[in-house]
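Here is what each chain is made of, one letter per residue.
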Amino acid sequence: MKTVLLSPRTGAITVGEIPAPEAAAGVVVIRNDWSLISAGTERATVSTGAQSLLGKARQRPEQVAQVIDSVKRTGLVETYRTVQDRLDRPVQLGYSCAGTVLRTGEGVDDIRPGMRVAAAGARYASHAEIVAVPRNLVVPVPDAVDTQWAAFATVGAIALQGIHQAEVVPGSRIAVIGLGLVGQITLQLLRAYGYDGVGIDPDPAMVALAESAGLVAFPREAAGLPGDVSRHWAGADADAVLITAATSSSDPVEFAGLLARDRATVVVVGDVNVAPPRSSYYHKELTIRYARSYGPGRYDARFEEDGHPYPEGYVPWTERRNLAEVLRLLATGAVDFARLKPRVFAVEDAAGAYEALKPSTAGRSVALLLRYSATAQLPSRPAPEAGSRTWTAPRGTLRLAAIGAGNFATRTLFPELEREPGVAFSWVAGGRGLSAAHQGRRWGFRTVAESVDTGLASGDADCVMVLSRHDSHGRYAARVLRGGAALYCEKPLGLTETELEDVADAWLISGAPAMAGFNRRFAPAVRDLRAVLPAGAPLQVVHRVFAGRLPADHWYFDPGQGGRLLGEVCHFIDTAGFLVPGRPVGVRAVGVDTRDPAAAQSLTLQITYDDGSAASIVYGGLTPPGAPKELLEVATDRVAARIEDFRSLTVWKGGRAVTTKYRGGPKGHAAEMHSLVRLVRGEPLGEETAAATDFASALWSSLVACRAARSLTEDGVVGTAPRTPALARALGCPPPGPSAAGAVPKPGGQAAYPAGGSSSTTAAR
């Protein structure tokens, strides 16, 4: 499908082809008829992209601060790679559109295919033939409203939120400074609700546009303007001033102070320099408020992406209701966006539309619409397979496919795989399609699959790598195995025991090789440590991790992604389990900040094993930058060892200490990818590599992580016995008893279920 793309490096606008997005749970897939270009926001974005690196830095000082912080955390080289990747990665533009519903995801019950809808949201309601938008950002279009004007609903919601923030009653006097698109719509809404509104703008064309719609407007440069406005209101001043301008100047805020009455409210809707002069704001005791985009719910992932509603009694006007209200006013004729005289461009001529945004362009329009042919269709879903394919080891070139191609995959895994001889990238799929299309071309994937379903159904891969968001790992991993391909799944293998049980069942049936992304098993320091530990001896393991704070908008804080416990602490559970000879039998988790597994950032875990071993994991998610990240210590009979940030291993044995240094602190990714290739090809692995690639032990680590999450909630020790026959078989355990899901280890370190045979990890020792 066609979509409008911005190059962050050059600011160039192109129309590219990417796969259509999929109908994920809670999402509405829409074929666009129209999308609205936001003259203010998008002009600023394109302008920044066209500047030099220094100019970009001056425009975005907050991003410069993030880069500096990244240098402190990850180093100059890694930060440089990240910045260059961001500059090379195209960005979809747009956030206001309208069209026809093609498909809905699970859980969407108030929107149906065939309905006309308006949609909002950057990264969602883009300039593209087909978009996928969370349901809380989608509203039906009334029959009386043309879809063309429904495309204005998002910008209308921004204007409406500004009025709500003023908290003034109908009949009040309101001045609007800035008569761009938002300002023009704001004046129309004020008139519709019975406010006495006036608009002000330095551009005579914008003043004339407002007057042509029957609105009251004044040129900013007029002498004695405050007096003119006051005379319009019979000598009174504004009850509220809405600033809808976009400028680096502080003039709009200063001028608002002159227009406002005593104790009035000034609402900042646009992007302006807020530097209020004391002479007016202090003496009048003015209140400054901000309007946050489309309304309550904006920037709240639980509302926008997860679909959680706000209680109407406390939050009556959400962004979704604001969208619907703008459409209602259009249906009644109270507002008329045709009066904005928008220019219309075909989506194929998007570059020309953005050229028309430039200030130097004669006859600049306040509103620009992109029109779509309405012929785009979603790819047909592959027919369900009658049964699982049989695993067949590859002959010749090893074909690798990828579901997802995010930062970790492209910066860490793909470069290592590219170095492996006889490996070819087959197909890539995932997400809304943009990242997959970009990275597919960058890394030479033969095909960018129209969807994950299409890629899996093609059978054109010997091994499929699941590199998507955490909430999809279990689902995709099971499908890969049942489809007859080998599996590489980044951690975690699943966020619930049900997902792990499904993966285990698929693995047992398929007979295909499978491997999890627990890379620390392959770190040189860990493998060297494991080699010096006495076989079969119980261990005391302490793994301390200073992980550091994450930004508040990090995707780990999305409750649907499992949080830091299931998404990251599982790494350290696995490292301990890789070193310990026995099987885990019980886990206790304590949260320093909360007992909610999805929200916990700092945790302490205690894991016991059936051979008497014990592991303590101390994970600090609130630590300051600059602290050493990982310290792993092991004690056993006449041996002690310490790994510091994977840069050194010190072993105390026989009265002497021996320290081994590792340049760069490798965490095993190179060896991990090399081992994956050998595993899938069926090459001899050797005992150590066989242990590191062992999928059963990875399932154990994943199960312990799920039980740790349960322990955190229940505030007690939780046993680790598998609860289903499939998972028990995969782990090499006897069939579970009636209380297996919560079995707690008995005193003396003995398991609550029979120990059974040795796991492959133990056998390899």
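Summary of the structure given here. (Residues numbered from 1 in each chain as written. Predicted model: local features only at pLDDT ≥ 70, side-chain atom pairs only at ≥ 80, totals over all residues. Heavy atoms only, no water.)

### Things to note about the overall build of the protein chain
The secondary structure content of the protein chain amounts to 26 helices and 31 strands. In the protein chain, which comprises 765 residues, the share counted as buried stands at 54%. A total of about 31300 Å² of accessible surface is found on the protein chain, and carbon and sulfur atoms cover 52% of it. (Helix = DSSP H or I, 4+ residues; strand = E, 2+ residues; numbered from the N terminus. Buried < 20%, exposed > 50% of the residue type's maximum accessible area, 1.4 Å probe, protein only. Areas by Shrake-Rupley, 256 points an atom, 1.4 Å probe, with all protein chains shown as cover.)

### Quick word on the sheet that holds strand S4 (residues 91-92)
A sheet is described by the order of its strands in space; here 3 strands give the open sequence S2-S1-S4, paired in antiparallel fashion. At either end of the open sheet lies a strand with only one pairing partner, and these are strand S2 (13-17) and S4. As paired strands, strand S1 (residues 2-6) and S2 are joined by 5 bridges and run antiparallel to one another. For Val 4, the partnering residue across the bridge sits in S2 and is Val 15. (Pairing = 2+ DSSP bridges.)

### Considering the pairing of strand S30 (residues 656-661)
The sheet contact formed by strand S29 (residues 648-653) and S30 spans 6 bridges and is antiparallel. What sits directly across from Thr 650, in S30, is Thr 659.

### Remarks on empty space enclosed by the protein
Across all of its chains, the model carries 3 cavities of 30 Å³ or more by this definition. Considering only enclosed or pocket space, the second largest cavity measures out at about 50 Å³ in volume. Here the lining of the second largest cavity is composed, by residue class, of 6 nonpolar, 2 polar and 2 charged. (1 Å grid on protein atoms, 1.4 Å probe; cavity = no way out; pocket = protein on both sides within 12 Å on 5 of 7 lines; lining within 4 Å. Points joined across faces, edges and corners; volume = space filled by probe spheres on them. Nonpolar A, V, L, I, M, F, W, Y, C, P; charged D, E, K, R; others polar.)

### Structural notes on the pattern of salt bridges
What the rule picks out here adds up to 32 salt bridges. A salt bridge links Asp 453 to Arg 479; its shortest N-O distance comes to 2.2 Å. Taken together, the residues Asp 453 in helix H17 (residues 452-458) and Arg 479 in helix H18 (residues 473-482) connect sequence positions 26 residues apart. Looking at Asp 453, the relative accessible area reads 25%, which means it is partly exposed. (Salt bridge = Lys/Arg side-chain N within 4 Å of Asp/Glu carboxyl O.)

### Some thoughts on the nonpolar core
Phe 414 and Phe 695 are the most contacted members of the largest nonpolar core, which totals 113 residues. Broken down by element, this core gets its largest block of residues, 12 residues, from helix H24 (residues 695-714). Apart from the residues lying within four places of it in its own chain, the contact partners of Phe 695 are Leu 487, Leu 493, Val 503, Trp 507, Ala 514, Met 515 and Ala 516. Formed by 56 residues, the second largest nonpolar core is a distinct cluster that contains Val 155, Val 176, Ala 240 and Leu 330. (Core = buried A, V, L, I, M, F, W, Y, C linked by side-chain atoms within 4.5 Å. Contact = heavy atoms within 4.5 Å.)

### Observations concerning the packing of aromatic side chains
Enumeration over the complete set of coordinates arrives at 11 aromatic pairs. An angle of 70° between the planes, with centres 5.8 Å apart, marks the rings of Phe 414 and Trp 443 as edge-to-face. Here Trp 443 lies in helix H16 (residues 434-443) and Phe 414 lies in helix H15 (residues 407-418), a separation of 29 residues in the sequence. Grouping residues by exposure puts Phe 414 and Trp 443 together as buried. Here Phe 572 and Tyr 619 contribute two aromatic rings whose centre-to-centre distance is 6.0 Å and whose plane-to-plane angle is 35°, an arrangement assigned as tilted. (Phe/Tyr/Trp six-rings, centres within 6.5 Å; stacked < 30°, edge-to-face > 60°.)

### Notes on the pairing of strand S22 (residues 514-517)
Sheet topology note: the strand S21 (residues 486-490)/S22 ladder contains 4 bridges and is parallel. Of the residues in S22, the one forming a bridge with Cys 489 is Ala 516. In this fold, S21 hands off to helix H19 (residues 497-510), which returns the chain to S22; that crossover is right-handed. (Right-handed = clockwise from strand over helix to strand, strands pointing away.)

### Observations regarding the packing of H18 against H19
In contact at an axis separation of 8 Å, H18 and H19 are set at 10° when each is read in the N-to-C sense. In this view, H18 runs roughly parallel relative to H19, as classed from their interaxial angle. Residues Gly 474, Ala 477, Ala 478, Leu 481 and Arg 482 of H18 touch H19, and the partners they reach there are Glu 499, Asp 502, Val 503, Asp 505, Ala 506, Trp 507 and Ser 510. Tallied by class, residues from the contact of H18 with H19 come to 6 nonpolar, 2 polar and 4 charged. (Axes fitted to C-alpha atoms, helices over the stretch in contact; angles between N-to-C directions. Parallel < 35°, antiparallel > 145°, perpendicular 65-115°, else oblique.)

### With respect to helix H21 (residues 563-579)
A rise of 1.5 Å per residue sets the reference length of H21, with its 17 residues, at 24 Å; its end C-alpha atoms lie 25 Å apart and thus fit the reference within 8%. Of all the bends in H21, the greatest, near 45°, is centred on Val 569. (Expected span 1.5 Å × (residues − 1). Bend = angle between axes of the 7 residues up to and from the residue.)

Keep in mind these values describe shape, not function.
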